[in-house]
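Structural characterization, general
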Amino acid sequence: MFQDCKFGMVKYDEKEYNHDIIVHVDGSVTARKKEISRRKYGTSHILAEEEIKPLLHEEPDVIIVGSGVHGALRLGEISMKADIIVSPTCKAVREYNQLKEEGKRVAAIVHVTC
């Protein structure tokens, strides 16, 4: 579960992260591979479908995208069928926690800055 959120940092499972992260369905955390979106769009502020696709193999009920404290990250062209919720990061982490409490299988991609 997320414990804190502010510009440049989220706290998940008692550990602080000052970089973008992916929270997998099993609760493990990996760094977001922003270079995928940079190669496709020239910026990491547009989330490429290729960053989301690997999460589908984990069979989440929903994928939460924390779009940054000010909501700067947006979805690129998405053709796959997935339940994706995009919200500013601090709201997104609350939504993640709520869905986990409801017993949902949730994954998240979280942008920690703008």
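Parameters at a glance
Residues numbered from 1 in each chain as written. Predicted model: local features only at pLDDT ≥ 70, side-chain atom pairs only at ≥ 80, totals over all residues. Heavy atoms only, no water. Pairing = 2+ DSSP bridges. Helix = DSSP H or I, 4+ residues; strand = E, 2+ residues; numbered from the N terminus. Axes fitted to C-alpha atoms, helices over the stretch in contact; angles between N-to-C directions. Contact = heavy atoms within 4.5 Å. Core = buried A, V, L, I, M, F, W, Y, C linked by side-chain atoms within 4.5 Å. Buried < 20%, exposed > 50% of the residue type's maximum accessible area, 1.4 Å probe, protein only. Disulfide = S-S within 2.5 Å.

**Focus: the sheet that holds strand β10 (residues 106-111)**
- With mixed pairing, the five strands of this open sheet are ordered in space as β5-β4-β10-β7-β9. Either end of the sheet is taken by a strand with one partner, and the two such strands are β5 (29-31) and β9 (84-87). Here the strands of the sheet are splayed against their neighbours by 15 degrees on average, with no regard to which way each runs.
- Where strand β4 (residues 21-23) meets β10, three bridges bridge the pair, whose relative direction is antiparallel. Residue pairing across strands places V23 opposite A108, the latter belonging to β10.

**Considerations on the sheet that holds strand β2 (residues 9-12)**
- The antiparallel open sheet is built from three strands, whose spatial order is β1-β2-β3. Either end of the sheet is taken by a strand with one partner, and the two such strands are β1 (2-6) and β3 (15-17). The sheet shows a mean angle of 15 degrees between the axes of neighbouring strands, taken without regard to direction.
- Two elements, β2 and β3, share three bridges in a ladder whose sense is antiparallel. Bridge assignment links Y12 to a residue of β3, and that residue is K15.
- Of the strands in this sheet, β1 and β2 are in contact with helix α3 (residues 89-101), which crosses β1 at around 170 degrees.

**Looking at the nonpolar core**
- In terms of nonpolar packing, the biggest core is built from 17 residues, with F2, V10, I21, V23, I64, Y96 and V110 touching the most fellow members.
- Those elements that place two or more of their residues in this core are β1, β2, β4, β7 (62-67), α3 and β10.
- A total of four residues in this core trace back to one element, the largest contributor, which is α3.
- Excluding residues within four positions of it along the chain, I21 makes contact with F2, V10, V29, T30, A31, R32, A108, I109 and V110.
- In this structure, I52, I63, V65 and M80 belong to the second largest nonpolar core, which totals 11 residues.

**Quick notes on the side chain of S87**
- With respect to the helices, strands and loops of the structure, S87 is situated in strand β9.
- Look past the residues within four positions of S87 in its chain and what remains in contact with it is V65, G66, S67, A92 and E95.

**A closer look at the state of the cysteines**
- One pass over the full model with this rule turns up one disulfide.
- Each disulfide pairs two cysteine sulfurs, and for C5 the partner residue is C90, the sulfurs being separated by 2.1 Å. Its S-S torsion of approximately -80 degrees makes the covalent link between C5 and C90 left-handed. With C5 in strand β1 and C90 in helix α3, the pair connects residues that are 85 residues apart, well separated along the chain.
- Under the relative-accessibility criterion, C90 is labelled partly exposed at 22%.

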